[in-house]
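Summary of the model geometry
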Amino acid sequence: MIISVPRYLIVTLAAVFSAYHLVLAAVSISVPTEKGPYIAAMVLYGIATVASLWLTKRPRMPIWLGAFNVAVALAVPLLVTSVVQTVPKDSYAAWHTAAIGTLMVITSTRRRQVFAFIGTGILIVQTVVWQGPGGLVAYGVIGSTVWVAISFALSLSLTKADRDARQYALAEREAVEWRAAQEAHVSERQFRLGQTSRMALPMLRQIVASQGELTEGQRLECLHLEGAIRDEIRGRKLLNDRVREQVMIARRNGTVVTLLDEGGLDDLEDDELDRVLNQLADAIRDTETEKLIVRTVPEGSDVAVTVVGLSTPDDGHANALGSHADDDDDEDSVDLWLEIPRTLEPAS
């Protein structure tokens with residue numbers, strides 16, 4: 001289970017912390033010798049904070065905004081320290097150190113760590129110039145620097161975790177797809193084996209009972225059964241019970257039947273598919289020919305199935321399984337040409 005924190009909640013918390021610094025600045029507004037630069041620093045910080053927390057589709061901060069925050073990190077301390085020489089112990093006139101630290105944390109969190117460290121470095125240098133090295137501890141600059149470093153480490157960890165999560169999700173999806181494909185293969189194999197067993201079991205029992213001594217009629221029936229098994233593999237959606245029955249009758253009558261399903265029926269609804277197959281069964285039943293070729297038509301055509309009946313004059317050498325339409329020569333005559341439409345409207 002993945003527990004996520006809404007983005008607006010994080011932005012709201014950051015806005016509260018940022019506003020808190022402005023409240024401290026307002027409370028200490030009597031400390032500076034001049035109010036103008038002090039208020040300008042507050043306004044400048046407020047603008048940078050609002051721009052940095054503004055919700056956008058991209059979590060990464062624009063470069064121009066990162067550069068603007070660095071400029072604010074330089075301008076705000078200069079404006080405040082130019083009118084505040086000493087900070088009374090009971091005032092918050094040095095609010096700018098924590099405020100700039102918070103702004104740099106926001107900048108680092110929004111994946112502009114270089115700008116965040118530059119702004120923090122500017123704050124450190126300015127504080128040392130203003131109050132000496134002791135000012136780094138007295139006014140919380142060290143703490144602000146630590147928070148920027150922590151945000152940088154957390155940002156790297158979250159980025160890596162997000163990348164790992166995406167990789168794990170992709171691997172899981174691929175594993176699920178592979179497992180589904182394997183299960184489909186197993187299911188299809190079991191279905192084909194069961195269907196083949198049902199079709200061939202009676203003949204196999206006859207072969208065992210006769211100890212392999214078959215009559216010519218039984219041998220021919222074995223060839224018909226082999227052709228029916230091939231139909232299950234190559235014919236697929238071209239088959240229903242009626243089509244199977246009529247194909248077997250046609251083969252027993254001496255017709256060479258070829259069924260080729262090339263995927264053109266996959267988009268048909270069940271009722272439309274039943275209509276097409278029933279019409280195909282009627283065509284096979286009503287046609288007397290030597291070779292019957294049934295082939296699906298690729299999607300995008302108004303025709304679902306084409307049925308072609310061919311006869312070769314004075315050709316008595318047709319194989320009982322001769323299912324290769326490419327062997328037809330130019331002397332074959334067409335006994336049947338039927339196009340079964342996908343819908344009830346006539347095909348163009």
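Each remark here, short or long, concerns the structure printed above.
Keep in mind that this is a model prediction, so the values were computed, not measured. (Residues numbered from 1 in each chain as written. Predicted model: local features only at pLDDT ≥ 70, side-chain atom pairs only at ≥ 80, totals over all residues. Heavy atoms only, no water.)

Turning our eyes to something else, we now look at the overall build of the protein. Of regular secondary structure, the protein possesses 10 helices and four strands. Put simply, the protein runs from its N terminus to its C terminus through helices and strands in the order α-α-α-α-α-α-α-α-α-β-α-β-β-β. Against the compact-globule benchmark of 20 Å for 348 residues, the protein has a radius of gyration of 42 Å, which places it well outside the compact range. The dimensions of the protein, computed from C-alpha atoms along their principal axes, are 120 × 50 × 35 Å. Looking at the protein alone, contacts between residues at least 24 apart form 72% of all its contacts between residues at least 6 apart. Between the centroid of the 32 positive side chains of the protein and the centroid of its 44 negative side chains there is a distance of 18 Å. (Helix = DSSP H or I, 4+ residues; strand = E, 2+ residues; numbered from the N terminus. Rg over C-alpha atoms; globule rule 2.2 N^0.38 Å. Contact = heavy atoms within 4.5 Å. Lys, Arg positive; Asp, Glu negative; His and termini not counted. Charge placed at Lys NZ, Arg CZ, Asp CG, Glu CD.)

With 28 residues, the main nonpolar core has Tyr38, Val76, Val84 and Trp95 as its most contacted residues. Mapped onto this core, the elements with two or more residues apiece are α1 (7-27), α2 (35-53), α3 (63-83), α4 (95-109), α5 (113-131) and α7 (141-209). Ignoring any residue separated from it by four or fewer positions in sequence, one finds Val76 in contact with Ala41, Leu44, Tyr45, Trp95, His96 and Ile100. Core analysis: the next-biggest nonpolar cluster, separate from the first, contains 22 residues, Val243, Ala250, Leu268 and Leu277 among them. (Core = buried A, V, L, I, M, F, W, Y, C linked by side-chain atoms within 4.5 Å. Buried < 20%, exposed > 50% of the residue type's maximum accessible area, 1.4 Å probe, protein only.)

Attention shifts here to a nonpolar patch on the surface. A contiguous nonpolar patch, built from Val137, Ile142, Val146, Trp147, Ile150 and Leu154 and spanning about 600 Å² of accessible area, is present on the exposed surface. Of the residues forming the nonpolar patch, the biggest block, five residues, is contributed by α7. (Patch = residues over 30% accessible without salt bridge, like charges linked within 9 Å, V, L, I, M, F, W, Y side chains within 5 Å. Areas by Shrake-Rupley, 256 points an atom, 1.4 Å probe, with all protein chains shown as cover. Salt bridge = Lys/Arg side-chain N within 4 Å of Asp/Glu carboxyl O.)

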